[in-house]
Protein chains: 2
Amino acid sequence: MAGRSNGITVTSRVLAILGAFDAHHRHLSLSEISERADLPIATAHRLLAELTAGGMLERDADGTYEIGRRLWDLGLLASVEQDLREVALPFLQDVHASTGETVHFAVLDDDAALYIERVAGRASARVLSKPGARLPLHATGVGKVLLAFSGRSLRERALQSPQRLTAHTMTEPGRLRRELAEVRRRGFARTSEELTLGAFSVAVPVMTGEDSDLVGAIGIVTGTARKDLDRYVPVLHVAAKGIGRSLPPRASTERK
Amino acid sequence: MAGRSNGITVTSRVLAILGAFDAHHRHLSLSEISERADLPIATAHRLLAELTAGGMLERDADGTYEIGRRLWDLGLLASVEQDLREVALPFLQDVHASTGETVHFAVLDDDAALYIERVAGRASARVLSKPGARLPLHATGVGKVLLAFSGRSLRERALQSPQRLTAHTMTEPGRLRRELAEVRRRGFARTSEELTLGAFSVAVPVMTGEDSDLVGAIGIVTGTARKDLDRYVPVLHVAAKGIGRSLPPRASTERK
DNA sequence: GCCATGATTTCCGTTCAGTGGAAAGTTGTG
DNA sequence: CACAACTTTCCACTGAACGGAAATCATGGC
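Note that the structure is predicted; figures quoted are calculated from it, not measured.

Undergrad: Tell me about the packing of aromatic side chains, and name the residues and values.
TA: All told, the structure shown has zero aromatic pairs over all chains when counted by the stated rule. Positioned over the ring face of B:Phe188 is B:Arg186, at 5.0 Å from the centre of the ring.

Undergrad: Quick rundown of the protein's contact with DNA strand C? Include the residues and the values.
TA: If you check the shell around DNA strand C, you find 16 residues, and the closest are A:Arg13, A:Thr43, A:Arg46, B:Val10 and B:Ser31. Among the atoms of DNA strand C close to the protein, meaning within 4 Å, 81% are from sugar or phosphate groups. Contact between DNA strand C and A:Arg46: a phosphate oxygen at 2.6 Å from a side-chain N or O atom of the residue. Interatomic distance of 3.4 Å between a backbone N/O atom of B:Leu30 and a phosphate oxygen of DNA strand C. Counting residues per element, the ones that place at least two in the surface near DNA strand C are α1 (10-19) and α3 (41-53) of chain A together with α2 (30-37) and α3 (41-53) of chain B. Counted by class, the surface near DNA strand C contains eight nonpolar, five polar and three charged residues.

Undergrad: I'd like a description of the pattern of salt bridges, backed by residues and values.
TA: For the structure shown, the criterion picks out 18 salt bridges over all chains. Of the charged contacts, one joins A:Arg185 and A:Glu182 as a salt bridge, the two residues approaching to 2.9 Å between their closest N and O atoms. Separated by three residues within a single helix, A:Arg185 and A:Glu182 lie in helix α8 (residues 173-186), roughly one turn from each other. Relative accessible area serves as the criterion here: at 29%, A:Glu182 is assigned to the partly exposed category. With a closest N to O distance of 3.3 Å, B:Arg231 and B:Asp228 form a salt bridge. For B:Asp228, a relative accessible area of 36% translates into the label partly exposed. Salt bridges sharing partners connect three or more residues here, namely A:Lys144, A:Glu179 and A:Glu194.

Undergrad: Go over the sheet that holds strand β5 (residues 134-135) of chain B, please, and point to the residues and values.
TA: Residues and elements named next belong to chain B. Strand order in the open sheet formed by six strands is β5-β4-β3-β8-β7-β6, and the pairing between neighbours is antiparallel. Single-partner strands in this sheet number two, and they are β5 and β6 (189-192). In this structure, β6 lies alongside strand β7 (residues 200-207), joined through four bridges in antiparallel fashion. What sits directly across from Arg190, in β7, is Val202. Lying over the sheet, helix α9 (residues 233-246) contacts β7 and β8 (214-222), oriented at roughly 30° with respect to β7.

Undergrad: Outline the packing of helix α4 (residues 69-76) of chain A against helix α4 (residues 69-76) of chain B, supporting the account with residue identities and numerical values.
TA: Axis angle and axis distance: for two packed helices, these are the angle between their axes and the distance between the axes, and together they describe the pair. Taken N-terminus to C-terminus, the directions of α4(A) and α4(B) make an angle of 130°; their axes are 7 Å apart at the nearest point. One way to sum up the angle between α4(A) and α4(B) is to call them oblique. For α4(A) against α4(B), the interelement crossing comes out left-handed. Between α4(A) and α4(B), the contacting residues are A:Leu71, A:Trp72, A:Leu74 and A:Gly75 on the first element and B:Leu71, B:Trp72, B:Leu74 and B:Gly75 on the second. For the contact of α4(A) with α4(B), the residue count by class is six nonpolar, two polar and no charged.

Undergrad: Which residues make up unusual backbone geometry, and what values go with them?
TA: Backbone phi values are negative for most residues with the exception of glycine, while trans is the configuration of most peptide bonds. Even without a glycine there, the phi angle at A:Glu193 is positive, about 55°. Its place among the elements puts A:Glu193 in the loop between β6 (189-192) and β7 (200-207). In this model, B:Asp38 sits at a positive phi of 60°, which is unusual for a non-glycine residue. Turning to its location among the elements, B:Asp38 is positioned in the loop between α2 and α3.

How each quantity is defined
- Residues numbered from 1 in each chain as written.
- Chains lettered and ligands numbered in written order.
- Predicted model: local features only at pLDDT ≥ 70, side-chain atom pairs only at ≥ 80, totals over all residues.
- Heavy atoms only, no water.
- Phe/Tyr/Trp six-rings, centres within 6.5 Å; stacked < 30°, edge-to-face > 60°.
- Lys NZ or Arg CZ within 6 Å of the ring centre and 35° of its normal.
- Near = heavy atom within 4 Å.
- Polar contact = N/O pair within 3.5 Å; in protein donor to acceptor, adjacent residues only side chain to side chain.
- Helix = DSSP H or I, 4+ residues; strand = E, 2+ residues; numbered from the N terminus.
- Nonpolar A, V, L, I, M, F, W, Y, C, P; charged D, E, K, R; others polar.
- Salt bridge = Lys/Arg side-chain N within 4 Å of Asp/Glu carboxyl O.
- Buried < 20%, exposed > 50% of the residue type's maximum accessible area, 1.4 Å probe, protein only.
- Pairing = 2+ DSSP bridges.
- Contact = heavy atoms within 4.5 Å.
- Axes fitted to C-alpha atoms, helices over the stretch in contact; angles between N-to-C directions.
- Parallel < 35°, antiparallel > 145°, perpendicular 65-115°, else oblique.
- Left-handed = near helix turned anticlockwise from the far one by under 90°.

Put into structure tokens, the structure is as follows:
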């Protein structure tokens with residue numbers, strides 16, 4: 001915050017303004033934005049006017065600003081993940097149809113599991129994670145899978161500071177290392193209330209069809225669970241294979 | 001030179017660059033962007049570097065640019081529609097579960113039907129419209145509903161130039177006007193191959209719970225159809241009611 | 001290997017768009 | 001009606017953005 005030695009480009013200011021918006025701040029007033037983006041009010045005001053004119057932001061009835069449709073359109077185009085969403089969704093729905101449970105699809109994003117699609121349970125089901133959410137790798141089913149089947153360097157990094165989230169979270173590096181080896185061996189991961197009390201999950205990796213590169217992971221989360229969640233593993237494996245086979249030729253997950 | 005009298009702000013240039021990306025141009029090289037955005041190469045290059053640094057764009061292995069994760073995140077936050085998506089999705093899934101058909105949810109966007117959510121059929125089902133797509137109002141089920149239940153001014157505007165899309169598209173203003181009156185009367189709309197040959201649909205309006213403002217429309221599209229699609233209408237009505245009731249207090253669709 | 005072709009990156013002097021303090025306008029509250 | 005909080009407009013100064021041009025990098029034809 002307070003003064004980096006970075007460049008003060010208009011672009012960076014625009015970035016700062018857009019960065020003021022997040023899941024908990026979707027409607028912001030001029031002064032809030034000016035505050036959060038650390039910009040003089042007059043400057044923020046002008047940039048906001050320009051962004052609004054361009055459709056990046058929209059003005060609500062009460063004068064607050066919100067993310068505009070233009071950004072939504074652009075977001076839909078976003079990179080690889082959009083292809084994945086397209087491809088994976090029907091398979092996730094198949095899994096949901098045959099199990100009735102909430103199904104998630106996540107990919108690796110730096111050192112978090114990025115949830116890119118979800119097929120939720122019935123209208124009443126409580127939502128644990130929604131698309132776009134980033135959750136820790138060591139405390140989620142999909143996260144453990146992503147860790148287990150990706151490179152050693154990431155894995156070791158993630159084992160450094162495993163944050164405790166519930167009383168059941170695995171936080172000792174040794175314990176986690178063994179857990180991941182086990183996941184690799186048996187081909188799927190489990191969690192029991194490691195992220196949220198009352199939530200259990202299983203997850204399997206999604207690999208490309210041809211060469212077997214890790215693409216992401218799909219998992220089932222439920223609240224009423226015990227270890228017979230394992231019975232879902234075959235269904236998940238079928239879906240994962242299906243997704244892998246349907247992937248465009250060489251759209252592997254290239255990360256710098 | 002090339003003087004428009006408009007503002008040549010950095011923001012507008014950024015807009016131009018982002019505008020160079022669309023569904024058919026998701027990976028662009030520097031020179032393509034410079035071309036499409038009508039900016040000098042050096043300028044485009046600098047702005048691209050800034051946008052990339054800010055995470056708005058990402059650089060692919062082959063040097064081309066693509067929409068970055070930052071934009072995707074922002075897009076997910078987008079305005080009213082995001083609330084609608086959240087609220088509607090479970091109901092759409094209920095409809096899908098009980099019918100097995102592809103379910104769509106669309107809202108009015110200027111003079112097009114903007115599809116904001118879809119629950120597709122099985123993996124093999126061919127996709128007619130994906131989230132973010134804009135389709136004509138007069139040739140889709142949801143579109144007819146949106147037209148029928150919204151203001152006269154929009155309706156008359158849409159009746160001006162109804163584009164012919166298939167041999168079955170209704171293009172005579174008089175015919176359409178009668179069709180819309182009929183839709184209003186019976187409470188749902190049908191289409192038969194008016195947008196795409198081999199595609200049939202029914203759709204119903206989604207109104208807010210309290211006062212009855214039009215929010216959007218949900219519909220079912222199928223390829224193997226005849227008019228017994230009507231049997232789905234009750235299910236759709238139930239879902240529409242459910243969505244209406246679940247809407248946040250006063251999040252009606254405010255458009256300028 | 002060597003030069004032609006085309007794209008990308010860097011450079012840098014000029015200038016004009018961006019800046020932001022301050023003042024004016026608006027809305028709401030007691 | 002005075003006061004406070006927020007938004008919008010104004011405008012003189014200045015340094016960031018601009019873009020032509022040159023350097024560098026990538027291909028590929030012979």
